[in-house]
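Reading the structure
Spelled out from the first residue to the last, the chains are:
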Amino acid sequence: MSKLLDFGFIWSLVEIMVRNKNYYAALAASLAMCVAVGSGGSLQAASMGSRAQAESKSGSKSESKVESKTDSKPQSKSSSRKDSKSESTAKSGSAAWARNFSANMDKTVSPGKDFYQYANGTWLKNTPIPNEYDKWGMLNIINDKNLTLVRTLLEDAAKKSSKAGTVEQKIGDFYKVGMDTKKLEEDDLKPLADELKRIDNLKTLDDLRSELAHLHGMGIGALFSFGSGQDFKDATKVIGQAGQGGLGLPERDYYFNQADRFKKIRGEYVNHVARMLALLGIDAADAKTRAQKIMEIETQLADASMDNIQLRDPEKIYHKMNVKELTEMTPRFSWPIYFSEIGYPGINEVNVGQPEFFKKLDHQISAVTMDHWKDYLRWHLIDAAAPYLSSRFVDADFDFHGKVLTGKKENLPRWKRVVNATNHAIGEAVGQLYVKTAFTPEAKAKALKLVKKLREVLREDLGILDWMDDTTRKNAIAKLDAFVAKIGYPDKWRDYSALKINRDSYISNVLRAEQFEFNRNLAKIGKPVDRTEWLMTPQTVNAYYWSEMNEIVFPAGILQPTIFDPKADDATNLGAMGMVIGHEMTHGFDDQGSKFDAQGNMKNWWSSGDEKRFKERIALIENQYDGYTVDGDTHLKGKLVAGEAAADLGGLTIAYKALEKILEGKPRTPDAEGFTPEQRFFLSFAQAWATNIRPEKEHMMAATDPHPIPKYRVNGTLANMDAFEKAFDIKGENTMMLPKNKRCYLW
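Residues numbered from 1 in each chain as written. Predicted model: local features only at pLDDT ≥ 70, side-chain atom pairs only at ≥ 80, totals over all residues. Heavy atoms only, no water.

1. Re the overall build of the protein
Each helix and strand counted, the protein has 30 helices and 13 strands in total. Counting across all 747 residues of the protein, residues that qualify as buried make up 66%. Counted over contacts in the protein with a minimum sequence separation of 6, partners at least 24 positions apart contribute 74%. Counting every atom, the protein has about 24,900 Å² of accessible surface; 51% of that belongs to carbon and sulfur. (Helix = DSSP H or I, 4+ residues; strand = E, 2+ residues; numbered from the N terminus. Buried < 20%, exposed > 50% of the residue type's maximum accessible area, 1.4 Å probe, protein only. Contact = heavy atoms within 4.5 Å. Areas by Shrake-Rupley, 256 points an atom, 1.4 Å probe, with all protein chains shown as cover.)

Structure follows, in structure tokens:
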């Protein structure tokens, strides 16, 4: 998985893209390797980055990805769309989320008909969505708790007069300036004056290329995205990575889907672009005309782009080229000069994710007038900067990205937006302070024990799978044995000494942080791969598997109650955190991870027969999820969610087998609520994904998210599991269970 980009597996590039909403489609692919869950950086939120992570920096942009979902039945819709006047309401609604399973359940619902509602119905009904969120679930609650803790750390740093250049000074000044609303209003657009002047002065295509290089360095993905990443076929090498980009809407489908809701969003988008241009001083009528042209440019870019299903296939996004081949691909765009302008003239190998996109872009560059390119660049500059400017820009930005796209009622409180931005800009520096407070040695030891137990179970499972032959089995076990598990926080912290943070302006600090990250990313090219690096900060509520590193990573932020509690029983921890661990492990063998070997190289290590049998099983999942809908009309995309759905099923299956090993020879004594260990396991799993979601956000997730929405994440997984059917004694035909011949048995 990765943070943002979604270029597939270009996690490094992904890091840059994590902040680059313009490469949102790529994000979908990258997210396919993470658990994905919360907002502003959570198990699905990213991303591990994904726009979900990028969104977290402002709290006002729409999240990718990066998250959870619900069902189409009226019963669950009504419970998932409640609003709230304040955060306190939602927080009080979560107060009963201890290990008292019954308090959250709706026992009027049959567990065999709708287990998600059975396990979570009372919680869903009594827990409104805070106005500043587009969804609210258990992972959001954990993330909110983390934000509150980090806020305390940042406020303490902001009060101190730390020595210039120290981590404490940078954290404190970044947060302090971000919270200074008086200065933000006084400064208004002045901090961007030089940037806007640069765009005003563009005259030639060479000027355009130079400005693209400049904007890319600040994390603004105009036209396309560029960064670095491991070579898919030689995981020891870091090369350049170029990918499609340049869109202002979440992904390609938003430009072409003919459903009424998408048509309405396109109209609202043009109005929003015009409004933002008018805020720059352009006459309102003229701004509307220019916005229409920007929409035309982006529609052409979208038409040339891969969709989010194609982006999930690493073989389709791997086209390594040398400089000569790059020049032949885009004769009007000089890559050698571009490399010099971004500060790295020595780049000689680049993986081009979408060659056809760049060929069409090369033609488009000369076909569009310079005046229209200027408007396009102004728009993408102000769209990226708006969350960090005065209130007139922040409010306009939220009206579209928050209200229209995701249905939020109000923006996050300023302190949450600035905490998210600080986490995004200097996340590991903040993480050093976070882990001292929020992650105990006891928690790390128990998490490591869980990982070890699940690895043992998966290894045994690989040894007996009836659909896998001995050659493939040997390779699969070798890959599992080579897994690296990272728990809590990095062994080596990121060096921020080259990053300058001061009190001149909020947006200046944000852009300098983006430039720092861009340079840090490109500096990897031609150097040995740093296997100590993390793609997530310790405080992130998420987890990921990284194919090219063959590693599973669990930040301290996700290792928190109620997902993981060192004091909880095995059934409870395995149902929630055990599933997460197993999820990431089995990503190494899903429709994407299975294409990479133990060393992280894209290589077919399967026998032809096993590969055929594997694809047949994945096809069952694709067909199953194709049949699920949101509001009865928007279908989930089976091919988009297959990887994450397979990992959910694999993760829960392996976690359950681990529980059975622990319980071997022991009585299955019911607890005080009358639940057996097996039943607690499945209830813990279902309650971990309890989430209320606004309809706008739910439709966005169905269209763009590689993770199934929460209700189907629970019911869809359990519909395949014989063990669940047995645990709750589910019988009869009218249930949510799949017929035996349509169930996916992978593990």
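Back to the write-up after that little detour.
2. With respect to the sheet that holds strand β9 (residues 544-546)
One open sheet holds the 3 strands; their spatial order is β8-β10-β9, and the pairing between them is mixed. The outermost strands of the open sheet, each flanked by one partner alone, are β8 (484-488) and β9. Taking each pair of neighbouring strands and ignoring which way they run, the sheet shows an average axis angle of 15 degrees. By the bridge criterion, 5 bridges tie β8 to strand β10 (residues 551-555) in an arrangement that is parallel. When the sheet's bridge partners are listed, Lys 486 is paired in β10 with Val 553. The strands that helix α21 (residues 441-464) touches are β8 and β10; relative to β8, the one it contacts most, it runs at about 155 degrees. (Pairing = 2+ DSSP bridges. Axes fitted to C-alpha atoms, helices over the stretch in contact; angles between N-to-C directions.)

3. With respect to the layout of surface pockets
Taken as a whole, the largest pocket spans an internal volume of roughly 580 Å³. Lining the largest pocket are 22 residues, with Asp 313, Asp 591, Gln 592, Lys 595 and Lys 615 sitting closest to its centre. Looking at which element gives the most residues to the lining of the largest pocket, the answer is helix α25 (residues 608-626), with 6 residues. Looking at the lining of the largest pocket residue by residue, the classes come out as 6 nonpolar, 4 polar and 12 charged. Of the voids in this model, the second largest pocket is the one considered here, and its volume is about 420 Å³. (1 Å grid on protein atoms, 1.4 Å probe; cavity = no way out; pocket = protein on both sides within 12 Å on 5 of 7 lines; lining within 4 Å. Points joined across faces, edges and corners; volume = space filled by probe spheres on them. Nonpolar A, V, L, I, M, F, W, Y, C, P; charged D, E, K, R; others polar.)

4. Side note on the packing of aromatic side chains
In total, this model carries 45 aromatic pairs according to the counting rule given. In textbook terms, an aromatic cluster arises when at least three aromatic residues are bridged by ring pairs, as seen for Phe 224, Phe 226, Phe 333, Trp 335, Tyr 338, Phe 339, Phe 357 and Phe 358. Lys 444 extends its terminal NZ or CZ atom over the ring of Tyr 489, reaching a point 4.7 Å from the ring centre. Sitting over the ring of Phe 589, Lys 479 keeps its end group 5.8 Å from the ring centre. (Phe/Tyr/Trp six-rings, centres within 6.5 Å; stacked < 30°, edge-to-face > 60°. Lys NZ or Arg CZ within 6 Å of the ring centre and 35° of its normal.)

5. Let's talk about the pairing of strand β5 (residues 234-244)
Within β5, 8 of the 11 residues are buried, which leaves the element mostly enclosed by the surrounding structure. Looking at chain direction, strand β4 (residues 224-231) and β5 are connected through 8 bridges and run antiparallel. Following the sheet pairing, Phe 226 is matched in β5 by Ala 242. Where β4 folds back onto β5 in an antiparallel hairpin, the turn is made up of 2 residues. In this structure, β5 lies alongside strand β7 (residues 349-352), joined through 3 bridges in parallel fashion. Its bridge partner being in β7, Gln 241 is matched across the sheet by Asn 351.

6. A word on the packing of helix α26 (residues 638-663) against helix α29 (residues 710-718)
To describe two helices that pack against each other, one gives the angle between their axes and the distance between the axes. At a minimum axis distance of 10 Å, the contact between α26 and α29 shows a crossing angle of 60 degrees. Considering the angle they form, α26 stands oblique to α29. Read as a crossing pair, α26 and α29 show a hand that is right-handed. Every residue of α29 that contacts α26 at Glu 644, Asp 648, Leu 649 and Leu 652 is listed here: Arg 713, Thr 717 and Leu 718. Within the contact of α26 with α29, the residues separate by chemical class into 3 nonpolar, 1 polar and 3 charged. (Parallel < 35°, antiparallel > 145°, perpendicular 65-115°, else oblique. Left-handed = near helix turned anticlockwise from the far one by under 90°.)

7. Some points on the environment of Ala 543
With respect to the helices and strands, the residue Ala 543 is situated in the loop between α23 (506-522) and β9. Once the C-alpha coordinates of Ala 543 and Ile 487 are considered, the two residues, 56 residues apart in sequence, prove to be 9.8 Å apart.

8. What to know about the sheet that holds β7
One open sheet holds the 4 strands; their spatial order is β4-β5-β7-β6, and the pairing between them is mixed. This sheet does not close on itself; its edge strands, each paired only once, are β4 and β6 (320-322). Averaged over all pairs of adjacent strands, the angle between their axes in this sheet comes to 35 degrees, without regard to strand direction. Lying on the sheet, helix α17 (residues 355-367) is in contact with β4, β5, β6 and β7; it crosses β5 at an angle near 40 degrees.

9. Side note on the packing of α25 against α26
Remark: α25 packs on α26, axes separated minimally by 8 Å, with the N-to-C direction vectors making an angle of 115 degrees. The orientation of α25 with respect to α26, classified from their angle, is roughly perpendicular. Judged by the sense of rotation from one axis to the other, the crossing of α25 with α26 is right-handed. In this structure, α25 contributes Ile 618, Ile 621, Glu 622, Tyr 625 and Asp 626 to the contact, and α26 contributes Gly 638, Lys 639, Val 641, Ala 642, Ala 645, Ala 646 and Leu 649. Considered class by class, the residues forming the contact of α25 with α26 number 8 nonpolar, 1 polar and 3 charged.

10. Re the confidence of the model for the protein
In this model, the protein carries a mean pLDDT of 88, and residues with pLDDT of at least 70 account for 87%. pLDDT under 50 marks residues 1-32. Its contacts with residues more than four places away, or in other chains, come to 210 contacts. Counted against residues more than four places away or in other chains, residues 37-98, with its pLDDT under 50, gives 311 contacts. (pLDDT = per-residue confidence, 0-100.)

11. With respect to helix α20 (residues 414-438)
Between its first and last C-alpha atoms α20 spans 23 Å; for 25 residues at 1.5 Å apiece the expected length is 36 Å, and the helix comes up short by more than 12%. Maximal helix bending in α20 amounts to about 105 degrees, located at Ile 426. Burial within α20 is extensive, with 21 of its 25 residues counted as buried. (Expected span 1.5 Å × (residues − 1). Bend = angle between axes of the 7 residues up to and from the residue.)

12. Some details on the environment of Tyr 133
Within the secondary structure layout, Tyr 133 lies in the loop between β2 (129-130) and β3 (135-137). Between the C-alpha atoms of Tyr 133 and Lys 408, which are 275 residues apart in sequence, the distance is 5.5 Å.

13. What about helix α28 (residues 695-704)?
Of all 10 residues in α28, 8 are buried; the element is thus mostly enclosed. Taken residue by residue, α28 has Lys 697, Glu 698, His 699, Met 700, Met 701, Ala 702, Ala 703 and Thr 704 as its buried positions.

14. Some thoughts on the pattern of salt bridges
Tallied over the full model, the rule gives 57 salt bridges. Among the salt bridges present, the one from Glu 341 reaches Arg 209, with a minimum N-O distance of 3.0 Å. Note that Glu 341 is positioned in helix α16 (residues 335-341) and Arg 209 in helix α11 (residues 205-217), a separation of 132 residues in sequence. In this structure Glu 341 comes out as partly exposed when scored by relative accessible area, which is 31%. Assessed through its relative accessible area of 8%, Arg 209 is described here as buried. Among the ionic pairs, Arg 473 bridges to Asp 470, the shortest N-O distance being 3.7 Å. Here the residue Arg 473 and the residue Asp 470 both occupy positions in helix α22 (residues 470-482), the gap between them amounting to 3 residues, near one helical turn. What makes Arg 473 buried here is its relative accessible area of 13%. Each of the salt bridges in this network shares a partner with another, and the network as a whole consists of Glu 428, Arg 494, Glu 517, Arg 520, Lys 524 and Glu 533. (Salt bridge = Lys/Arg side-chain N within 4 Å of Asp/Glu carboxyl O.)

15. Overview of the nonpolar core
Counting 205 residues, the largest nonpolar core has Phe 115, Phe 224, Phe 226, Trp 335, Phe 554 and Phe 682 as its most contacted members. With 12 residues, the top contributor of residues to this core is α26. Setting aside chain neighbours within four positions, we find Phe 224 in contact with Leu 212, His 216, Gly 243, Gln 244, Gly 245, Gly 246, Phe 333, Trp 335, Tyr 338, Phe 357, Phe 358 and Leu 361. Counting residues in each nonpolar core, the second largest holds 9 residues, with Val 529, Tyr 544, Met 549 and Val 553 among its members. (Core = buried A, V, L, I, M, F, W, Y, C linked by side-chain atoms within 4.5 Å.)

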